[in-house]
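Close look at the chain arrangement
Read off the chains here:
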Amino acid sequence: MSEASAPQAAERRELTAAQRNAVAELLRVSPVADELGRRFARAGHELHLVGGSVRDALLGRLGDDLDFCTDAHPDQTLRIIKGWAESIWETGREFGTIGCQRDGLRLEVTTFRAEAYDQVSRNPVVEYGTNLTDDLKRRDFTVNAMAVSLPEHRFTDPYGGLDDLAAKIIRTPGTPDESFGDDPLRMLRAARFAAQLCFAVHPDVRTAMAAMAADLDRITAERIRDEFTKLLCGTDPITGLRLLVDTGLADRFLPELTGLKLTIDEHAQHKDVYEHTLTVVSNAVSYETDGCDFVLRMAALMHDVGKPATKAVGSDGRVSFHHHEVVGARLTKARMKALRYPKDVTAQVTKLVGLHLRFYGYGRGEWTDSAVRRYVTDAGDLVSRLHKLTRSDCTTRNRRKAAQLAADYDALEERITRIAAEEDLARVRPDLDGNAIMELLGVPPGPVVGRAWQHLKELRLERGPLDRDEAEAELLRWARDQGLV
């Protein structure tokens, strides 16, 4: 064998291994998939496993959600699966998709499509196609433009998806300009797949992303949000985030991220806040224990977005960002609201951004037990995430300083554990409840009870648990000061 032919042989062996993985994965789900394929065939229709399901099968990671395409229209699909499927849903019917469940698998069957934008609309116009090849051509990337017929298991790959999968390249079936012109969200999907699959984006695709970034403005906030969430939860979110910034896509929906490149950090070193932020996100990922924690990752990404607006240079030439956590929390809330994130998720991320500097100063011995109680109480059920975010934020190259910060935070966590064991910090409450307050003061439900309750809670945070006599004495003292008794 010549030297020139050796790489080709190696590539063929790799592709054969990939195909073997696909066969093994397909065999796992084939009883259901093939059974469904036979039902479509008896009705005179085609059925193909397609898109991400084929890609994931080739990668050896096929899940329990399977995508199919067919020449049958939705009404025909419904007739074929009724009586066979354990449950059926039609939420995607306007896009030609019928969903069902069988033997623990979620199956979605979509009519061949010729989907396109009119270059103005914010949602796609769906037209039914007539054949598999045209359906595959309208898909976003070649690695998602492969199909396996059922029940025959005939492999169809008209655009070289298998080769791109082996090379770990993200490329479009047609020209990138045509693909992104049809659906600009595909530009964001390219960055998302780079993050999820750890693939490289083909130079032509990258060039088109930069040239057409403004077209992303045609896409609804909800669709952008969903793609960005998947990107941030990818295996390698840093690669995806860099792509967003380098191509200008971030400017269209997350300009705060690009803005960080303009701000040199307060340590006056060569790195900027943008690079620091990416490191913090990477650190946060390393602290996860059970899959992606979007709230933690998003807080890590946004924790310093208040710095550009608060940057100041002192008379000694040093840079400061006073109260950037307050400004950052406000900017985070506004940005997540614009992207239509749920209010509870937005509130959690915003709270972490606002609290991420609270730890600094602990190592100087300034924290009383009261300060520790307030730290835990203010963080509430986010305290474990705050621990991770604070540790992630330590990116100094000074080993001595990094070791000291880690030791200080270890000490804080140990102190929290000790006080929590003594006082049940997870549920700090006043030592008298509302009923006891009303009985002792002789007042009905109303604002006075609320103010008294808040006073006792502040006292609880400051001094720790009080016995019943002390709590009643403090309440009466407060009531006298308020002119209530």
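Per chain, the residues get numbers from 1 upward, laid out in the order the sequence is written. Totals for whole chains, interfaces and linings use all residues, but because this is a predicted model, local features are given only for residues with pLDDT of at least 70 and pairs of side-chain atoms are given and counted only at 80 or more. Only hydrogens and water are set aside; all other atoms, that is, all heavy atoms of the structure, feed into the side-chain values.

Regarding the overall build of the protein
When helices and strands are tallied, the protein shows 23 helices and eleven strands. We call a residue buried when its accessible area falls under 20% of the maximum for its residue type, exposed when it is over 50%, and partly exposed in between, using a 1.4 Å probe and counting protein chains only. Classification of the 485 residues of the protein by burial places 49% in the buried group. Throughout, a residue-residue contact means that at least one pair of heavy atoms, one from each residue, lies within 4.5 Å. For the protein, contacts bridging at least 24 residues in sequence account for 65% of all contacts bridging at least 6. With the model as given, the accessible surface of the protein reaches about 23,100 Å², and the carbon-plus-sulfur share is 49%. Secondary structure elements follow DSSP: runs of H or I no shorter than four residues count as helices, runs of E no shorter than two count as strands, and numbering proceeds from the N terminus. Note on areas: these come from Shrake-Rupley sampling with a 1.4 Å probe, and a residue is covered only by the protein chains present in the view.

Considering the packing of helix 13 (residues 273-286) against helix 14 (residues 294-302)
Relative orientation of the contacting elements helix 13 and helix 14 amounts to 160 degrees, with a least axis distance of 8 Å. In this view, helix 13 runs roughly antiparallel relative to helix 14, as classed from their interaxial angle. Judged by the twist between their axes, the crossing of helix 13 over helix 14 is right-handed. Facing Thr277, Val280, Val281, Ala284 and Val285 of helix 13, the residues of helix 14 in contact are Leu296, Arg297, Ala300 and Leu301. Looking at the contact of helix 13 with helix 14, its residues break down into seven nonpolar, one polar and one charged. Angles run from 0 to 180 degrees between N-to-C directions of axes, and those axes are lines fitted to C-alpha atoms, restricted for helices to the stretch in contact. For classification purposes, angles smaller than 35 degrees are called roughly parallel, those larger than 145 roughly antiparallel, those between 65 and 115 roughly perpendicular, and all remaining angles oblique. If you view the pair so one helix is near and one far, a crossing is left-handed when the near helix is turned anticlockwise from the far one by less than a right angle, and right-handed when it is turned clockwise. For this classification, the nonpolar set comprises Ala, Val, Leu, Ile, Met, Phe, Trp, Tyr, Cys and Pro, the charged set comprises Asp, Glu, Lys and Arg, and every other residue, Gly included, is treated as polar.

Some remarks on the sheet that holds strand 1 (residues 47-50)
Two strands form a pair only when DSSP identifies at least two bridges running between them. Read from one edge to the other, the open sheet built from seven strands follows the order 3-4-5-2-1-6-7, with strand pairing classed as mixed. The open sheet has two free edges, formed respectively by strand 3 (87-89) and strand 7 (155-156), since each of these has just one partner strand. As defined by bridge partners, strand 1 adjoins strand 6 (residues 147-149) across three bridges and the pair is classed as antiparallel. The partner of valine 50 across the bridge, within strand 6, is alanine 147.

Remarks on the state of the cysteines
The disulfide criterion used throughout: a pair of cysteine sulfur atoms within 2.5 Å. Scanning all chains against the criterion turns up one disulfide. Across the disulfide from cysteine 233 sits cysteine 292; the S-S distance is 2.1 Å. Handedness here is read from the sign of the S-S torsion; for cysteine 233 and cysteine 292, about -60 degrees, the answer is left-handed. Of the two residues, cysteine 233 sits in the loop between helix 9 (221-232) and helix 10 (237-247) while cysteine 292 sits in the loop between helix 13 and helix 14, which places them 59 residues apart along the sequence.

Some words on the pattern of salt bridges
Any carboxyl oxygen of Asp or Glu within 4 Å of a side-chain nitrogen of Lys or Arg constitutes a salt bridge here. Considering all chains together, one arrives at 24 salt bridges under this definition. Between aspartate 217 and arginine 252 there is a salt bridge, and its shortest N-O distance comes to 2.6 Å. Here arginine 252 lies in helix 11 (residues 249-253) and aspartate 217 lies in the loop between helix 8 (203-211) and helix 9, a separation of 35 residues in the sequence.

So, helix 10
Most of helix 10 is tucked away: eight of the eleven residues are buried. By the burial criterion, the buried members of helix 10 are Pro237, Ile238, Gly240, Leu241, Leu243, Leu244, Val245 and Thr247. Directly after helix 10, the chain includes glycine 248, whose backbone phi takes a positive value near 85 degrees.

Section: the packing of aromatic side chains
Only centres within 6.5 Å qualify two rings of Phe, Tyr or Trp (six-membered ring in Trp) as a pair; their planes then separate them into stacked at under 30 degrees, edge-to-face at over 60, and tilted for everything else. By the definition in use, this model includes three aromatic pairs. Between the aromatic rings of phenylalanine 228 and phenylalanine 253, the centroid separation amounts to 5.6 Å while the plane-to-plane angle is 70 degrees, which identifies the pairing as edge-to-face. Remark: phenylalanine 253 occurs in helix 11 and phenylalanine 228 occurs in helix 9; sequence separation between them is 25 residues. Its relative accessible area of 0% is what places phenylalanine 228 among the buried residues. Judged by relative accessible area, phenylalanine 253 falls into the buried class, the value being 3%. Look at phenylalanine 294 and tyrosine 341: their rings are 5.3 Å apart centre to centre, the planes differ by 20 degrees, and that puts the pair in the stacked class. Residue phenylalanine 294 is found in helix 14, and its partner tyrosine 341 is found in the loop between helix 16 (324-338) and helix 17 (343-355); the two are separated by 47 residues along the sequence. Under the relative-accessibility criterion, phenylalanine 294 is labelled buried at 13%. Only when the NZ atom of a Lys or the CZ atom of an Arg is both within 6 Å of the ring centre and within 35 degrees of the ring normal do we say a charge sits over the ring. Above the face of the phenylalanine 193 ring, arginine 192 is positioned so that its terminal group lies 4.5 Å from the ring centre.

Focus: unusual backbone geometry
Cis geometry marks the peptide bond from leucine 150 to proline 151, where omega comes out at 5 degrees. Mapped onto the elements, proline 151 comes out in the loop between strand 6 and strand 7. Phi angles above zero are rare outside glycine, and cysteine 198 is one such case at about 60 degrees. Here cysteine 198 falls in the partly exposed class, since its relative accessible area comes to 41%. At arginine 340, a position not held by glycine, the phi torsion is positive, near 65 degrees. For arginine 340, the location among the structural elements is in the loop between helix 16 and helix 17.

A word on the pairing of strand 5 (residues 105-111)
Side-chain positions along a regular strand alternate between the two faces of the sheet. Burial of strand 5 is extensive: five of the seven residues sit out of reach of the surface. Here strand 2 (residues 65-70) pairs with strand 5 via six bridges, running parallel. Considered in strand 5, the bridge of threonine 70 is made with threonine 111.

Let's talk about the nonpolar core
Here the nonpolar core consists of buried residues drawn from Ala, Val, Leu, Ile, Met, Phe, Trp, Tyr and Cys, with membership extended through side-chain atoms lying within 4.5 Å. Core analysis: the biggest nonpolar cluster contains 105 residues, and Phe68, Phe228, Leu241 and Leu244 have the highest contact counts within it. The residues contacting phenylalanine 68, other than those within four sequence positions of it, are Ala33, Leu36, Leu47, His48, Leu49, Val50, Leu107, Glu108, Val109, Thr110 and Leu150. By size, the runner-up hydrophobic cluster in this structure holds nine residues, among which are Met438, Leu441, Leu475 and Ala479.

Description of the pairing of strand 1
Of the two faces of strand 1, the one carrying Leu47 and Leu49 and the one carrying His48 and Val50 are both buried. Direction of pairing for strand 1 relative to strand 2: antiparallel, over a ladder of three bridges. Of the residues in strand 2, the one forming a bridge with histidine 48 is cysteine 69.

Description of the side chain of threonine 395
Summarising the element assignment, threonine 395 is placed in the loop between helix 19 (383-392) and helix 20 (399-423). Under the relative-accessibility criterion, threonine 395 is labelled buried at 15%. Within polar-contact distance, the side chain of threonine 395 engages the side chain of histidine 276 at 2.7 Å. Any pair of N or O atoms that falls within 3.5 Å is considered a polar contact. Within protein, one atom must be able to donate a hydrogen and the other to accept it, and sequence-neighbouring residues count only if both atoms are side-chain atoms.

A short note on the environment of alanine 347
As for its position among the elements, alanine 347 is in helix 17. Placed 15 residues apart in sequence, alanine 347 and threonine 332 show a C-alpha to C-alpha distance of 9.4 Å.

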